[in-house]
Amino acid sequence: MSSSYFITLPDHSRKEVPAGASPLEVARSIGSRLADDAVVARVDDKLWDLARPFEGDATLEILTSRSGEEALKVYRHSTAHLLAAAVLELYPGTKLGVGPAIENGFYYDFERETPFTTEDLERIEKKMQEIRDRDLPYGRVIVPKEEGLRRYHELGEEMKCEMIAEKAGETFTEYTLGPHFSDFCLGPHVPSSKRLKAFKLLSVSGAYFKGDQSRQQLQRIYGTSFFNQKDLDAYLVRIEEAKRRDHRVLGKQLDLLSIQELAGPGLIFFHPKGALVRKLLEDWMREQYLARGYSLVSTPHIARESLWQISGHLDN
Ligand SMILES: [Zn+2]
């Protein structure tokens, strides 16, 4: 093994670092502001924990809060780990499902007999803040597959065992956050809990393990996080506004439309006021089509059964 590596930065400059050095140390050598704002590294085109040592000569890019979606996804997934750590500290014995970043936030699935209430979410969020302030590192541990399976089996973590059995090679990585939490995860994550500046738990709903109705029922806690409180607040205002403009609520309040159980969900019956709004919109659209050189056509609403067979609609 070489005693030092050459690291190539995006501006093509090269830095020699001792073996065992990590991207975070390179970031620090460039500037403390960069190191403080760093979220994750890209090492040879792979997203890489900032604290994970280089394994050879490599190219390096430091992703910060200004690096866009990729960094935000890592940040939000890291917040999901913080959520799970808080749940395990408050409710020992809870079993873990998966905890990915999703559009606009993240979720984590939990297996627990007692349903989580709105008050529980507030308590969990407080605990998340408390753990965040402890500035705990996201530890990365390499575990031999057999050993990991044995340990998780002893802990009764059967969902985890199933995922490890399916996805792990000879070894797998496990990430820790404090003494109560460790999870089978490919990573990467932010280097420490203190990096997570602004987060909010939003709701809880039911989910099945692997989305399969024959499997155990889980509780899915949704949340979101942003690089700063201002962005989080703006997002929360936006979803409140969207709720107030929900067509299902407004449609009822303004007597525009209804949905009849007899016909089926999502099928809209327009009432006189709603039908008039619809007509005005349709008239305007048709005018626009013609003005822009399009032609109008009209097709039947019903057709031979075999057509819906070919289209795949019939089964539904
Ligand atoms: Zn993870």
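Preceding this section is the structure that the text describes.
Residues numbered from 1 in each chain as written. Predicted model: local features only at pLDDT ≥ 70, side-chain atom pairs only at ≥ 80, totals over all residues. Heavy atoms only, no water.

**Thoughts on helix 7 (residues 229–244)**
Working step 1: Its 16 residues give helix 7 an end-to-end C-alpha distance of 23 Å, which sits within 8% of 22 Å, the value for a rise of 1.5 Å per residue.
Working step 2: Residues of helix 7 that are buried: Leu232, Tyr235 and Leu236. Looking straight down helix 7, one finds that the buried residues subtend no more than 100° of arc, so they occupy a single side. Residues Lys230, Val237, Arg238 and Arg244 are exposed on helix 7 and point more than 90 degrees away from its buried face.
Working step 3: Those residues of helix 7 that are buried lie in contact with strand 12 (198–208) and strand 13 (217–226). (Helix = DSSP H or I, 4+ residues; strand = E, 2+ residues; numbered from the N terminus. Expected span 1.5 Å × (residues − 1). Buried < 20%, exposed > 50% of the residue type's maximum accessible area, 1.4 Å probe, protein only. Arc of directions from axis to C-beta. Contact = heavy atoms within 4.5 Å.)

**Observations concerning the coordination of the zinc ion**
Working step 1: Note on the zinc ion: its protein donors are His77 (NE2), His81 (NE2), Cys185 (SG) and His189 (NE2). The metal-donor distances range over 1.9 to 2.1 Å.
Working step 2: Geometry at the zinc ion is tetrahedral, judged from its four donor atoms and the angles of 95 to 129° they form at the metal.
Working step 3: All donors of the zinc ion come from a single chain, and their spacing in sequence reads H-x3-H-x103-C-x3-H. Within this pair, whereas His81 is found in helix 3 (residues 69–90), its partner His189 is found in the loop between strand 11 (181–184) and strand 12, the two being separated by 108 residues in sequence.
Working step 4: With a relative accessible area of 0%, His189 lands in the buried category. (Donors = N, O, S within 2.8 Å, 3.2 Å for Na, K, Ca; no water. Tetrahedral: all angles 85-135°; square planar, octahedral: opposite > 155°, others 65-115°.)

**Some thoughts on the packing of helix 5 (residues 145–154) against helix 6 (residues 158–167)**
Working step 1: Closest axis-to-axis distance for the helix 5/helix 6 pair is 8 Å, and the angle between their directions is 165°. The angle between helix 5 and helix 6 falls in the class roughly antiparallel. Helix 5 and helix 6 meet at a crossing whose hand is left-handed. Residue-level contacts link Lys145, Leu149, Tyr152 and His153 of helix 5 to Glu158, Lys160, Cys161, Ile164 and Ala165 of helix 6.
Working step 2: Taken together, the residues of the contact of helix 5 with helix 6 sort by class into five nonpolar, one polar and three charged. (Axes fitted to C-alpha atoms, helices over the stretch in contact; angles between N-to-C directions. Parallel < 35°, antiparallel > 145°, perpendicular 65-115°, else oblique. Left-handed = near helix turned anticlockwise from the far one by under 90°. Nonpolar A, V, L, I, M, F, W, Y, C, P; charged D, E, K, R; others polar.)

**Brief notes about the packing of aromatic side chains**
Working step 1: The full count for this structure, using the stated rule, is eight aromatic pairs.
Working step 2: Ring geometry for Tyr107 versus Tyr222: centroids 5.7 Å apart, planes at 65°, classification edge-to-face. Of this pair, Tyr107 sits in strand 8 (residues 105–111) while Tyr222 sits in strand 13, placing them 115 residues apart in sequence.
Working step 3: You can call Tyr107 buried: its relative accessible area is 12%.
Working step 4: Accessibility expressed as a relative area gives 25% for Tyr222, which makes it partly exposed.
Working step 5: When the ring of Phe226 is compared with that of Tyr235, the centres are 5.4 Å apart and the planes differ by 40°; the resulting orientation is tilted. Of the two residues, Phe226 and Tyr235, neither departs from the other in class, the shared state being buried.
Working step 6: Among the aromatic residues, ring-to-ring pairing joins Tyr91, Tyr108, Phe110 and Phe116 into one connected group.
Working step 7: Over the aromatic face of Phe6 sits the side chain of Arg14, whose NZ or CZ is 4.5 Å from the ring centroid.
Working step 8: Taking the ring centre of Trp48 as reference, the NZ or CZ of Arg52 above it sits at 3.6 Å. (Phe/Tyr/Trp six-rings, centres within 6.5 Å; stacked < 30°, edge-to-face > 60°. Lys NZ or Arg CZ within 6 Å of the ring centre and 35° of its normal.)

**As for the environment of Gly20**
Working step 1: Positionally, Gly20 belongs in the loop between strand 2 (14–18) and helix 1 (23–30).
Working step 2: For Gly20, a relative accessible area of 46% puts it in the partly exposed group.
Working step 3: For the pair Gly20 and Gln129, spaced 109 residues apart in sequence, the C-alpha to C-alpha distance is 32 Å.

**Digging into the packing of helix 3 against helix 4 (residues 118–133)**
Working step 1: Packing of helix 3 against helix 4 leaves a shortest axis separation of 8 Å and a crossing angle of 110°. By the angle class used here, helix 3 and helix 4 are roughly perpendicular. Together, Thr79, Leu82, Leu83, Ala85, Ala86, Val87, Glu89 and Leu90 of helix 3 and Arg123, Ile124, Lys127, Met128, Ile131 and Arg132 of helix 4 make up the contact between the two elements.
Working step 2: Along the lines of polarity and charge, the residues of the contact of helix 3 with helix 4 split into nine nonpolar, one polar and four charged.

**Describing the sheet that holds strand 11**
Working step 1: Taking strand neighbours across the sheet as the criterion, the three strands line up as 9-10-11 in an open arrangement whose pairing is antiparallel. With one partner strand each, in any of the chains shown, strand 9 (139–144) and strand 11 form the two edges of the open sheet. Within this sheet the neighbouring strands show an average axis-to-axis angle of 30°, counted without direction.
Working step 2: For strand 10 (residues 171–177) and strand 11, the ladder comprises four bridges, and the chain directions are antiparallel. (Pairing = 2+ DSSP bridges.)

Interpretation note: all reported values are geometric properties and have no functional meaning in isolation.
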